[in-house]
Amino acid sequence: MDRSRLEAFSDGVFAVAITLLALDLAVAGPEGHGPLAEQLYHKWPAFLAYLISFFMIGIIWVNHHALVRQITKVDRTLLFLNLVLLLFVVLIPFSTATVADYFTRHDWDTQVAMMIYGGVFLGMSIGFSMVFEWTLHGERVYQPLPPERHWPARVRFVGGALVYVAAIVIALVSDVASFVLIAVIAVYYIFERTPSAPGAPEGGDEGTVA
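It should be emphasised that the depicted structure is a prediction, and the values quoted were computed from it without experimental measurement. Residue positions are counted from 1 within each chain, in the order its sequence is given. Only residues with pLDDT of 70 or above have their local features reported here, since the model is predicted, and side-chain atom pairs are shown and tallied only from 80 upward, although totals for entire chains, interfaces and linings are computed over all residues. Derived side-chain values reflect all non-hydrogen atoms in the structure, with water molecules and hydrogen atoms excluded from consideration.

### Points about the side chain of N82
1) Next: Going along the chain from the N terminus, every DSSP run of H or I of four or more residues is numbered as a helix, and every run of E of two or more is numbered as a strand. You can see N82 is positioned in helix α4 (residues 76–89).
2) Next: On the basis of relative accessibility, which here comes to 2%, the residue N82 falls in the buried class.
3) Next: For N82, the side chain forms a polar contact with the side chain of H64, separated by 2.7 Å.
4) Next: Non-local contacts of N82, meaning those with residues more than four positions away in its chain, are made with L6, S10, H64 and V131. The classification of residues rests on relative accessible area computed with a 1.4 Å probe and restricted to protein chains. Under 20% of the type maximum is buried, over 50% is exposed, and intermediate values are partly exposed. Side-chain atoms alone can form a polar contact between residues adjacent in sequence; in general such a contact is a pair of N or O atoms within 3.5 Å, and within protein one must be able to donate a hydrogen while the other accepts it. In what follows, a contact means two residues having at least one pair of non-hydrogen atoms within 4.5 Å.

So, in C-alpha cells, the structure goes:
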C-alpha cells in the first residue's frame, strides 16, 4: 500500500459521506402534505444544516489532500489515525439529519441534537489534528515545518477544536447560538489553509507503508 491508496480510500469515504447528506432533503410528496413551497419552507433547517455540513466535509477533504500529498512514508500509526478522522466524517450525515429534525423545536431535544452535531465536528477536528501532529515529527514529509512554526500552526488551524467545545457548551443555553458558531467555524476554514510547508515535487516518490 502506498500513499496514493491511503488518499484514494479516504476520498471514497469523503465522497460517500457528502452524498449521504442529501438523503434528508426529500419532501413528503403531493398527496395530502400541502403545497410544495410550504413543504420546502418547513425543510429549511435541513437545507441549512446540509449546506454547513457539505462545506465542512469539503473543507476537511481539501485540507486532507493538501496534507497527505506531502507525506513521504505511510506507516501503521498514520493509517489508524486516518481511520479516526474518517470515523467522525461518516457520522456527519447522521448528526446533520438529527439537527434538521429537531432544530425548530427549541427544547432539550434540540440542545442534545446540537451537542451531537458539535461533538461530531469536534471528533473530526481531533482526528485531523492527530494526523497533522503525526506529520510534525520525524522525516515524514518532504519539507517539514521548522520547529518554531509548530505551535503557531497548531493554534492557527487545530485550535478550531476549542471552538467546537465552546459550541457544545453553548448548546446547553442556546441551540441557535451554537448553530451560528459552528457555521462561523465553517466560514473560517474556507479561508484558512493547512499550515504546512510545500508538498512533494512533481513526480515525487509516492511513499510506502513502513
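Let's pick the thread back up.
### Some details on the packing of aromatic side chains
1) Next: Ring pairs are drawn from Phe, Tyr and Trp, using the six-membered ring of Trp, whenever the two centres fall within 6.5 Å, and their geometry is named by plane angle: stacked under 30 degrees, edge-to-face over 60, tilted for the rest. The final tally for this structure, using the stated rule, is seven aromatic pairs.
2) Next: Aromatic pair Y117 and F121: ring centres 4.8 Å apart, planes at 70°, arrangement edge-to-face. Of the two residues, Y117 and F121 both sit in helix α6 (residues 108–135), four residues apart, roughly one turn of that helix.
3) Next: Through successive ring pairs, a cluster of aromatic residues spans W44, F103, Y117, F121, Y164 and F179.
4) Next: The criterion for a charge sitting over a ring is simple: Lys NZ or Arg CZ within 6 Å of the ring centre, and within 35 degrees of the ring normal. Lying over the aromatic face of W151, R154 brings its terminal NZ or CZ to 4.5 Å of the ring centre.

### A word on the environment of I182
1) Next: Along the polypeptide, I182 turns up in helix α9 (residues 175–191).
2) Next: Judged by its relative accessible area of 0%, I182 falls in the buried class.
3) Next: Sequence separation between I182 and M114 is 68 residues, and the spatial gap between their C-alpha atoms is 9.7 Å.
4) Next: Once you skip the residues sitting within four places of it in the chain, I182 turns out to touch I52, M114, Y117, G118, F121 and A167.

### Quick notes on the pattern of salt bridges
1) Next: Salt bridge criterion: a side-chain nitrogen from Lys or Arg within 4 Å of a carboxyl oxygen from Asp or Glu. The tally for this structure, following the rule as stated, stands at three salt bridges.
2) Next: A salt bridge links D107 to R105, with the shortest nitrogen-to-oxygen separation between them at 3.2 Å.
3) Next: Residue D107 is classed as partly exposed on the basis of its relative accessible area of 27%.
4) Next: Accessibility expressed as a relative area gives 46% for R105, which makes it partly exposed.
5) Next: Of the charged contacts, one joins R105 and D109 as a salt bridge, the two residues approaching to 3.5 Å between their closest N and O atoms.

### Comments concerning the packing of helix α5 (residues 92–102) against α6
1) Next: Between N-to-C directions, angles cover 0 to 180 degrees, with each direction set by a line fitted to C-alpha atoms, over the stretch in contact for helices. Two elements in contact, α5 and α6, have axes separated by 9 Å at closest approach and are oriented at 160°. Taken together, the axes of α5 and α6 lie roughly antiparallel to each other. Remark: the crossing between α5 and α6 carries left-handed chirality. Residue-level contacts link I92, F94, S95, T96, T98, V99 and Y102 of α5 to D109, T110, A113, M114, I116, Y117, V120, F121 and M124 of α6.
2) Next: Here the residues of the contact of α5 with α6 sort into eleven nonpolar, four polar and one charged. Geometric relationships in this document are graded by angle, where less than 35 degrees denotes roughly parallel, more than 145 denotes roughly antiparallel, 65 to 115 denotes roughly perpendicular, and other angles denote oblique. By definition, turning the near helix anticlockwise from the far helix through less than a right angle yields a left-handed crossing, and turning it clockwise yields a right-handed one. Here the nonpolar group is Ala, Val, Leu, Ile, Met, Phe, Trp, Tyr, Cys and Pro; Asp, Glu, Lys and Arg are the charged ones; every other residue, Gly included, is treated as polar.

### Some remarks on the nonpolar core
1) Next: By nonpolar core we mean a set of buried residues, namely Ala, Val, Leu, Ile, Met, Phe, Trp, Tyr and Cys, connected to one another through side-chain atoms within 4.5 Å. Judged by nonpolar contacts, the single largest core of 49 residues is most densely connected at V99, M114, Y117, F121, M124, F132 and F179.
2) Next: Mapped onto this core, the elements with two or more residues apiece are α1 (3–20), α3 (44–68), α4, α5, α6, α7 (150–158), α8 (160–170) and α9.

### What about α5?
1) Next: Buried residues of α5: I92, P93, S95, T96, T98, V99 and A100, and no others.
2) Next: Looking at the packing, one finds that the buried side of α5 touches α1, α3, α4, α6 and α9.

### Quick look at the confidence of the model for the protein
1) Next: In this model, the protein carries a mean pLDDT of 85, and residues with pLDDT of at least 70 account for 88%.
2) Next: A score from 0 to 100, pLDDT tells how confident the predictor is in each residue. Contacts from residues 198–210, a stretch scored under 50 in pLDDT, to residues over four places away or in other chains number 31 contacts.

### Some words on a nonpolar patch on the surface
1) Next: Only residues whose relative accessible area exceeds 30% and that form no salt bridge are eligible for patches; like-charged ones are grouped when within 9 Å, while nonpolar side chains (Val, Leu, Ile, Met, Phe, Trp, Tyr) are grouped when within 5 Å. The Shrake-Rupley method, run with a 1.4 Å probe sphere, supplies the accessible areas, and residue values consider only the shown protein chains as cover. On the surface, Y41, W44, L48, L51, F54, F55, V187, I190 and F191 cluster together into a nonpolar patch covering about 900 Å² of accessible area.
2) Next: Secondary structure elements with two or more residues in the nonpolar patch: α3 and α9.
3) Next: Broken down by element, the nonpolar patch gets its largest block of residues, five residues, from α3.
4) Next: A relative accessible area of 45% means that V187 is categorised as partly exposed.

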